[in-house]
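So you can see what is in the structure, the chains are spelled out below.
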Amino acid sequence: MTGIVFDIDDTLYVRQDMIVAAAEEVLGVKVSDPQEFISIYYAKSDINMDALEAGKIKTRDINGWRYEETFRILGLPYAPGDGVLTADKYLELQSHMELSQDLKEILDAFAEAPNIKLALFTSGKSSHQWNKVDMLGLLKWFDRDNIFVTGDIGISKPDVRLCRLIEDRLGLAPSDIWMIGDSYKHDITGAIDSGWHTIWINRRGLPSPDIRPDIEVAADEGLIAALAGLLPF
Ligand SMILES: [Mg+2]
């Protein structure tokens, strides 16, 4: 039996493109270096994650703040309030998102395989992450009991206690589990420390870390090929 555990954001769908597109629409400018924009925006995400998960800050406000910090650092023209407007625009774009056809097909294959158990393991506020589960139609492939949202549990990634919880729920040994995620720090280090196998989707082309994942891919094409390699036939 093999467990395959997926992160959601930038793993099952690509959030980065929507984050930049929302900013371009609200500000009416073209972002010249989308990777730099994403790097700054994501760097601001770690700062308030604990407060966000505890429900002390609203997602809309924190994302608005992250946007305005990114605008400020990049010297983009904005007025106070544009941050939350951009956060709203992003949510609007997100409400139309869906999984790629290739990903749907590989999840179908996993769901039909008798010796594979699927799980989701995602960071963030409970309601926000469960909304994405609904919007992406993920309950088609993932049992509700096998969906782990850090905001529900009260522990942030990466923490091996979260991995132990998932192992217990799936009834699998660490070496039988694969973690699939885009964040080396949040998805991959905790899994490696727990003795899991890992596929890192290095979408931002970051330098290779000292402690390597089992498999590193750059984008969806490589991800689909790597996942197909986990199928038992
Ligand atoms: Mg992610």
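Bear in mind the structure is a predicted one, so any value in this text is a computation, not a measurement.

Some remarks on helix α1 (residues 15-27)
Thought 1: Between its first and last C-alpha atoms α1 spans 19 Å; for 13 residues at 1.5 Å apiece the expected length is 18 Å, and the two agree.
Thought 2: Here α1 has its buried residues at Arg15, Gln16, Met18, Ile19, Val20, Ala22, Ala23, Glu24 and Leu27.
Thought 3: As for α1, its buried residues are in contact with α2 (34-43), α4 (59-74), α5 (82-94) and α7 (126-135).
Thought 4: Glycine 28 sits one or two positions beyond α1 and adopts a positive phi of about 70 degrees.

So, the domain arrangement of the chain
By a frequent convention, interface size equals the accessible area lost on bringing the separate parts together.
Thought 1: Taken domain by domain, the chain consists of domain 1 (2-13 + 99-228) and domain 2 (15-94).
Thought 2: A separation of 24 Å is found between the C-alpha centroids of domain 1 and domain 2.
Thought 3: Facing the 17 residues of domain 1 at the interface are 16 residues of domain 2.
Thought 4: Interface area for domain 1 against domain 2, summed over the two sides, is near 1,400 Å², with a carbon-plus-sulfur share of 48%.
Thought 5: Inspection of the region where domain 1 meets domain 2 yields 2 salt bridges.
Thought 6: A salt bridge links arginine 15 to aspartate 10, with the nearest nitrogen and oxygen atoms 3.9 Å apart.
Thought 7: Seen at the junction of domain 1 and domain 2, the total is 5 residue pairs in polar contact (both at pLDDT 80 or more).

Re the environment of isoleucine 147
Thought 1: Looking at the secondary structure, you find isoleucine 147 in strand β3 (residues 147-149).
Thought 2: Note on isoleucine 147: relative accessible area 6%, which makes it buried.
Thought 3: Distance from isoleucine 147 to leucine 76, taken between C-alpha atoms, is 38 Å for residues 71 residues apart in sequence.

Focus: the packing of aromatic side chains
Thought 1: Within this structure, the stated rule accounts for 8 aromatic pairs.
Thought 2: Taken together, a centroid distance of 6.3 Å and an interplanar angle of 45 degrees make the contact between phenylalanine 37 and phenylalanine 71 tilted. Here phenylalanine 71 lies in helix α4 and phenylalanine 37 lies in helix α2, a separation of 34 residues in the sequence. The burial state of phenylalanine 37 is the same as that of phenylalanine 71; both residues are buried.
Thought 3: For the ring pair tyrosine 41 and tyrosine 67, a centre distance of 4.7 Å and an interplane angle of 45 degrees mean the geometry is tilted. In this pair, tyrosine 41 sits in helix α2 while tyrosine 67 sits in helix α4, placing the two residues 26 residues apart along the sequence. For the pair formed by tyrosine 41 and tyrosine 67, the shared burial category is buried.
Thought 4: Pairwise contacts between aromatic rings join Phe37, Tyr41, Tyr42, Tyr67, Phe71 and Tyr78 into one cluster.
Thought 5: Across the ring face of tyrosine 41, the terminal group of arginine 66 is positioned such that the distance to the ring centre comes to 3.9 Å.
Thought 6: Positioned over the ring face of phenylalanine 121 is lysine 157, at 4.6 Å from the centre of the ring.

Notes on helix α11 (residues 220-228)
Thought 1: For α11, the complete set of buried residues consists of Leu223, Ile224, Ala226 and Leu227. With its buried residues spanning 165 degrees around the axis, α11 presents them on a single face. Away from the buried face of α11 by more than 90 degrees, exposed residues Glu221 and Ala225 are located.
Thought 2: On its buried face, α11 is in contact with β1 (2-6), α6 (101-112), β4 (177-181), β5 (197-201) and β6 (215-217).

Quick notes on the rules
- Residues numbered from 1 in each chain as written.
- Predicted model: local features only at pLDDT ≥ 70, side-chain atom pairs only at ≥ 80, totals over all residues.
- Heavy atoms only, no water.
- Helix = DSSP H or I, 4+ residues; strand = E, 2+ residues; numbered from the N terminus.
- Expected span 1.5 Å × (residues − 1).
- Buried < 20%, exposed > 50% of the residue type's maximum accessible area, 1.4 Å probe, protein only.
- Contact = heavy atoms within 4.5 Å.
- Domains from an automatic or database assignment.
- Buried area = accessible area lost by both parts, 1.4 Å probe.
- Salt bridge = Lys/Arg side-chain N within 4 Å of Asp/Glu carboxyl O.
- Polar contact = N/O pair within 3.5 Å; in protein donor to acceptor, adjacent residues only side chain to side chain.
- Phe/Tyr/Trp six-rings, centres within 6.5 Å; stacked < 30°, edge-to-face > 60°.
- Lys NZ or Arg CZ within 6 Å of the ring centre and 35° of its normal.
- Arc of directions from axis to C-beta.

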